[in-house]
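What follows is each chain in one-letter form.
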Amino acid sequence: MDPHLVERWMREGKLPNLSALAARGGMFPLATTHSPESPTAWASFATGVNAGKHNIYDFLVRDTTTYLPDLGMVKRTPPTFLFNYIPTSKPKLESIRGGTSFWVTAGKSGVQSSILTVPVTFPPETVPNGEMLAGLPLPDIRGTMGTFSYYATDLSRYEEGNTEMGGILRRLVFEGDVANSELVGPPNPLVRQKVEAIRRKGPTLSEADRAQLAELQAAQDVHVPFTIRWDRGAKAATVEIEGESIKLTQGQWSPWIDLTFTINMLVRVHGMAQMLLMNAGNELQLYVSPVNFKPDNPPLPISYPDSFAGDLFKRLGYYRTLGWAEATWPLNEDRMDEKTFMDDLFVAFNDRAKVILDRVDAKNWDVLVGVIESTDRVQHMMWRLTDPKHPMYDAKLAAQFGDSIERVYRRADEFVGEVVKRIGPDVPVLVVSDHGFHSWRKAVNLDTWLVQNGYMVLQGQQPGDKKLADLFGGGTFWENVDWSRTRAYAMGIGQIYFNLRGREAKGIVSPGAEAKQLADELSAKLLTLKDPEDGTAIIRAVYKRDDIYSGEYLQNAAELQVGMNEGYRVSWQTTLGGSPQGIVYPNTKKWSADHGGYDFAITSGVLVSNRAIGTTAPRIIDIAPTVLKYFGVTIPADIDGKPLF
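Thresholds applied
Residues numbered from 1 in each chain as written. Predicted model: local features only at pLDDT ≥ 70, side-chain atom pairs only at ≥ 80, totals over all residues. Heavy atoms only, no water. Helix = DSSP H or I, 4+ residues; strand = E, 2+ residues; numbered from the N terminus. Rg over C-alpha atoms; globule rule 2.2 N^0.38 Å. Buried < 20%, exposed > 50% of the residue type's maximum accessible area, 1.4 Å probe, protein only. Contact = heavy atoms within 4.5 Å. Areas by Shrake-Rupley, 256 points an atom, 1.4 Å probe, with all protein chains shown as cover. Lys, Arg positive; Asp, Glu negative; His and termini not counted. Charge placed at Lys NZ, Arg CZ, Asp CG, Glu CD. Pairing = 2+ DSSP bridges. Axes fitted to C-alpha atoms, helices over the stretch in contact; angles between N-to-C directions. Phe/Tyr/Trp six-rings, centres within 6.5 Å; stacked < 30°, edge-to-face > 60°. Expected span 1.5 Å × (residues − 1). Polar contact = N/O pair within 3.5 Å; in protein donor to acceptor, adjacent residues only side chain to side chain. Core = buried A, V, L, I, M, F, W, Y, C linked by side-chain atoms within 4.5 Å. Parallel < 35°, antiparallel > 145°, perpendicular 65-115°, else oblique. Left-handed = near helix turned anticlockwise from the far one by under 90°. Nonpolar A, V, L, I, M, F, W, Y, C, P; charged D, E, K, R; others polar.

Colleague: Tell me about the overall build of the protein chain, residues and numbers included.
Modeller: Check the secondary structure of the protein chain and you find 19 helices and 33 strands. In summary, the protein chain has a C-alpha radius of gyration of 24 Å against a globular reference of 26 Å for 645 residues, a match within 12%. A burial count over the protein chain gives 60% of its 645 residues as buried. Restricting to contacts in the protein chain with at least 6 residues of sequence separation, those with at least 24 account for 67%. Surface exposure of the protein chain reaches about 25,000 Å², of which carbon and sulfur atoms provide 50%. Here the protein chain carries 68 positive and 76 negative side-chain charges, and the mean point of each set is 2 Å from the other.

Next comes the structure, spelled out in structure tokens:
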């Protein structure tokens, strides 16, 4: 939640439950982390330390041998097979987050906890005297943040394939009233290992390697076939999948559908998805949600203890397990309209709320932490309808959906009221938001700026636009980069790394004096970057690694963290390893607001407390020691935060 919006709507009487809490304690901006990205901030929330001590700097980390990125919160060990067939070990995931969660420290002293969908809790850790349902980065069945599928008769052959940010588009061809298609599931681990083996050869692949990579990529996904029978007259369709026959009318969602993806006769992966028949009139359009892990039969543990997720399922029925539970990607790719997005977002909110309220009522906890992220997602997608200066502002849509963010804040306020009613007025309550928000009017190609200023060097032709498949699949990420002449490269949301000798495989910048000189030079130049349209400073601050981080994971941090000004954010292409023409351009996506990559000093979150705190400038790293002190638990010496009361 954004402190400016909370303050405004409190003043207008629209958030009565939050106002009632604040009347007893207070409402404050909550200082966030460098960079103000959710994984970094939530890791600091859990541990009470800066990123140098917990190792989560961004959504992405890079392999210094291959320069390839991966989701920056987990280390994956793939399964093993005998004779490329018989499974001999399961896949293993380990969190790369360091530090110790306050619920683990407290649990060792006998404090009972219930930790629910907090980001950076996948894979779930062992919680002494506690229970945990994992949150972000808990993936979908494909191992991504949420790959949706979209099937339509009005898709052209040229539109088929993967979208920029995580969708699969398939053209439907009907013979009479019948069409056959398939739902794309997880990569076959045997094929995936071959893909990874080629990618690990390094940043420059031979033509033969590229050809083999393309061939493997085309064959790596496991599918589930389905048939659609279209009743044009009734504007309805029947989907036959996995032995089920599901009749849908136009605009209707299916119930959750159990799915089984067969890797081979001995290995099957279970998931669940929902379908929405968007249109069944002149054209047929079918949306399929990302395939979630099934709570009672996930391919990897999603809770602690392992049985906890399944116990919730038995009691509450189906609920979303995907860490990123809202349908931001289909709206961003124009495959879903605003009404459908908002309707679905409230379902996601209620899914999280029912789990949290179930555990509130269980009363088997001393400390309960529950996270709902729908406030974040609605601002990412609908801010454009509150900002007439945004390139995607639409007055007609604003008249219909301009109150979307306020509606979700008010729903959050109702939820807070429900929690307080169930626990009573005397239990300490902290409402915590890890960051605020900014309008994202213009995108900035940081790698293009590095190329134009000679810090990154390309060879051959200018590469085309990148897609999410290049990040997670068998695509080419750093295409045509000449690492023998590249001194710096941008990755993630605002991080600039140096191509350091002795660290990166083809590093050319010497540690020490040369790296320091490069940091000074780059910082000074970046601060001169102006919007060519009106001369506005694009970058508000540049932070050097050693000035903002300390701890055992310092060496994994980027040399520079860029802090953008209101209105500007690092482009999607920069996050996908691209360096297209032009440095600044209008953001014409519906993803119209953000926090990652902005200057942390202007991106504070929110703290609402029903008891007085001892400072007017609380920080997110202060939450962990506050909880530990409250329960009389010794605060570890390495914690950076200070107790608030």
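There is more to say, and it comes next.
Colleague: With reference to specific residues and values, describe the sheet that holds strand β28 (residues 539-544).
Modeller: Spatially, the 4 strands line up as an open sheet ordered β26-β27-β29-β28, and their pairing is antiparallel. Whereas interior strands pair on both sides, the edge strands pair on one side only; in this sheet they are β26 (488-491) and β28. The average angle at which neighbouring strand axes cross in this sheet is 25°, direction not considered. In this structure, β28 lies alongside strand β29 (residues 560-564), joined through 5 bridges in antiparallel fashion. Along β29, the bridge assignment pairs Tyr-543 with Gln-561.

Colleague: Can you explain the environment of Leu-21? Please cite residues and give values.
Modeller: Locating Leu-21 in the fold gives a position in helix α2 (residues 16-24). On the basis of relative accessibility, which here comes to 5%, the residue Leu-21 falls in the buried class. Among all residues touching Leu-21, those that are not within four sequence positions of it are Gly-26, Val-416, Val-420, Val-429, Val-431, Val-608, Ser-609 and Asn-610.

Colleague: Provide a residue-level description of the pairing of strand β12 (residues 167-171), including the pertinent values.
Modeller: As judged from the 5 bridges shared by strand β10 (residues 148-152) and β12, these two strands associate in the parallel manner. Residue pairing across strands places Ala-152 opposite Arg-171, the latter belonging to β12. Here 2 bridges tie strand β11 (residues 161-162) to β12, and the two strands are oriented antiparallel to one another. Of the residues in β12, the one forming a bridge with Asn-162 is Ile-168.

Colleague: Account for the packing of aromatic side chains, naming residues and giving values.
Modeller: Across all of its chains, the model carries 26 aromatic pairs by this definition. Ring centres of Tyr-67 and Trp-483 lie 3.8 Å apart, and the angle between their planes is 15°; this geometry places the pair in the stacked category. Placement of the pair is Tyr-67 in the loop between β2 (60-62) and β3 (69-71) and Trp-483 in the loop between α15 (468-472) and β26, with a sequence separation of 416 residues. For the residue pair Tyr-67 and Trp-483, the accessibility class agrees, reading buried in each case. With 5.8 Å between their ring centres and 65° between their planes, Trp-440 and Trp-572 make a pair best called edge-to-face. Here the residue Trp-440 occupies a position in strand β25 (residues 438-444), and Trp-572 occupies one in helix α18 (residues 572-575), the gap between them amounting to 132 residues.

Colleague: Pulling in residues and values, what's your account of helix α13 (residues 404-423)?
Modeller: In a regular helix each residue adds 1.5 Å, so 20 residues correspond to 28 Å; α13 covers 29 Å between its end C-alpha atoms and thus fits that length. Those residues of α13 that fall on the buried side of the exposure criterion are Ser-404, Ile-405, Glu-406, Val-408, Tyr-409, Arg-411, Ala-412, Asp-413, Phe-415, Val-416, Gly-417 and Val-419. Those residues of α13 that are buried lie in contact with α1 (3-11), α2, α10 (338-362), α11 (374-382), α12 (395-401) and β24 (430-433).

Colleague: Run through the side chain of Gln-495, naming residues and quoting values.
Modeller: With respect to the helices, strands and loops of the structure, Gln-495 is situated in strand β27 (residues 495-498). According to the relative accessible area criterion, Gln-495 is buried, its value standing at 2%. A polar contact of 2.8 Å, which involves the side chain of Gln-495, links it to the side chain of Gln-561. Beyond its immediate stretch of four places on either side in the chain, Gln-495 contacts Ser-35, Glu-37, Tyr-57, Asp-58, Tyr-489, Ala-490, Ala-558, Leu-560 and Gln-561.

Colleague: Which residues make up the sheet that holds strand β18 (residues 267-273), and what are the values?
Modeller: The 3 strands are arranged β17-β18-β21 in an open sheet whose pairing can be described as antiparallel. Looking at strand neighbours, the two that pair on one side only are β17 (257-264) and β21 (292-293), the edges of this open sheet. Pairing geometry for β18 and β21, over 2 bridges, is antiparallel. Across the sheet, residue Gly-271 finds its bridge partner in β21, namely Phe-293.

Colleague: Which residues make up the nonpolar core, and what values do they have?
Modeller: General note: in soluble globular proteins, nonpolar side chains tend to be found buried as a group. Core analysis: the biggest nonpolar cluster contains 123 residues, and Phe-45, Trp-103, Met-382, Leu-522 and Met-564 have the highest contact counts within it. Discounting chain neighbours no more than four positions away, the residues touching Leu-522 are Trp-449, Leu-450, Tyr-455, Ala-488, Ile-496, Phe-498 and Leu-560. Phe-226, Val-288, Leu-312 and Ala-353 belong to the second-largest nonpolar core, a separate cluster that totals 55 residues.

Colleague: Lay out the packing of helix α6 (residues 189-199) against helix α7 (residues 207-219) with the relevant residues and their values.
Modeller: Axis separation between α6 and α7 bottoms out at 10 Å; the angle between their running directions is 155°. Between α6 and α7, the interaxial angle falls into the category roughly antiparallel. Crossing angle aside, the handedness with which α6 passes α7 is left-handed. Between α6 and α7, the contacting residues are Val-191, Lys-194, Val-195, Ile-198 and Arg-199 on the first element and Asp-209, Gln-212, Leu-213, Leu-216, Gln-217 and Ala-219 on the second. Here the residues of the contact of α6 with α7 sort into 6 nonpolar, 2 polar and 3 charged.

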